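Spelled out from the first residue to the last, the chains are:
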Amino acid sequence: LLGKLHVLVFNFHLVQVDQYKMEIEDKNMQLAQKDKIIRDLEGGAGRSKSEEVTVIKNPNGWEVGRDGAKLTIGSDILFSSGKATLSSAGKSKLSQAYRDIQNSYNGWAVRVYGYTDSDPIRKSKWKDNLELSGERAMSVTRYLTERGLSADNIETIGMGATHFISSNNTRSGKAKNRRVEIVVVKPQN
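Residues numbered from 1 in each chain as written. Predicted model: local features only at pLDDT ≥ 70, side-chain atom pairs only at ≥ 80, totals over all residues. Heavy atoms only, no water.

Visitor: Before we move on, can you summarise the overall build of the protein with the specific residues and values?
Guide: Of regular secondary structure, the protein possesses 5 helices and 6 strands. The linear arrangement of helices and strands in the protein, starting from the amino end, is α-β-β-β-α-α-β-α-β-α-β. Buried positions account for 35% of the 189 residues belonging to the protein. In the protein, once contacts between residues fewer than 6 apart in sequence are set aside, the share between residues at least 24 apart is 70%. With an accessible surface of roughly 11800 Å², the protein has 53% of that area assigned to carbon and sulfur atoms. (Helix = DSSP H or I, 4+ residues; strand = E, 2+ residues; numbered from the N terminus. Buried < 20%, exposed > 50% of the residue type's maximum accessible area, 1.4 Å probe, protein only. Contact = heavy atoms within 4.5 Å. Areas by Shrake-Rupley, 256 points an atom, 1.4 Å probe, with all protein chains shown as cover.)

In structure tokens, the structure reads:
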């Protein structure tokens, strides 16, 4: 009897594992679709001229494409150096971003990406740039959800010192690399 019970429990676990694998596969497909939309917003690298996506910058700073939009906010506006607590200017900028999302992109998936420059962390409580970028992205996410955005609709991603948009050899380049990007993704019907 005990042997049959072990077999039943083992078979039950196999079924659960198969279900988890299917769920993971489904999530990976959803992420792949969203990543394609992000690539389209970032200029469609690897596309031929006839396939390029037109991106228009609206008056509030959003880069709007066919399948979504992206708002880039400099970390120097949002945070003090080495900190992840939002400044009053940052909260003001995020309040406008929240209104834009509610008015133009309500119900769309939202991704919040945090980025830093390449300078190593020396005098702060953060272990490294990845941790700082993650905490900054989480601060933005918390602010947006406190305002009323559904937490189920937001993904928060710390990118650390990767995906530079400018050279880290100059002060202005480093300032451009320290940023938070809010990306909204049009629902796929």
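Visitor: Talk me through the packing of helix α3 (residues 88–104) against helix α4 (residues 129–147); I want residue IDs and the actual numbers.
Guide: Orientation of α3 relative to α4, taken along the N-to-C sense of each, is 55°, at an axis distance of 10 Å. Viewed along their axes, α3 and α4 adopt a mutual orientation that is oblique. As for how α3 packs across α4, the hand of that crossing is right-handed. Residues Lys91, Leu94, Ser95 and Tyr98 of α3 form the contact with α4, whose participating residues are Val140, Tyr143, Leu144 and Arg147. Here the contact of α3 with α4 is composed, by residue class, of 5 nonpolar, 1 polar and 2 charged. (Axes fitted to C-alpha atoms, helices over the stretch in contact; angles between N-to-C directions. Parallel < 35°, antiparallel > 145°, perpendicular 65-115°, else oblique. Left-handed = near helix turned anticlockwise from the far one by under 90°. Nonpolar A, V, L, I, M, F, W, Y, C, P; charged D, E, K, R; others polar.)

Visitor: Requested: an account of the pattern of salt bridges, with residues and values cited.
Guide: Side chains carrying opposite charge are able to pair once their charged atoms draw close together. The full count for this structure, using the stated rule, is 6 salt bridges. Here Asp117 makes a salt bridge to Arg178, at a shortest N to O gap of 2.7 Å. Of this pair, Asp117 sits in the loop between β4 (109–115) and α4 while Arg178 sits in the loop between α5 (171–177) and β6 (179–185), placing them 61 residues apart in sequence. Its relative accessible area of 6% is what places Asp117 among the buried residues. A network of salt bridges, in which partner residues are shared, links Asp76, Asp117 and Arg178. (Salt bridge = Lys/Arg side-chain N within 4 Å of Asp/Glu carboxyl O.)

Visitor: So what's going on with the sheet that holds β6? Which residues, and what values?
Guide: Taking strand neighbours across the sheet as the criterion, the 6 strands line up as β1-β2-β3-β6-β4-β5 in an open arrangement whose pairing is mixed. Taken across any chain shown, the strands that pair with only one partner, and hence form the sheet edges, are β1 (56–57) and β5 (154–160). Across 6 bridges, β4 lies against β5 in parallel orientation. In the strand pairing of β5, Val112 is matched with Thr156. (Pairing = 2+ DSSP bridges.)

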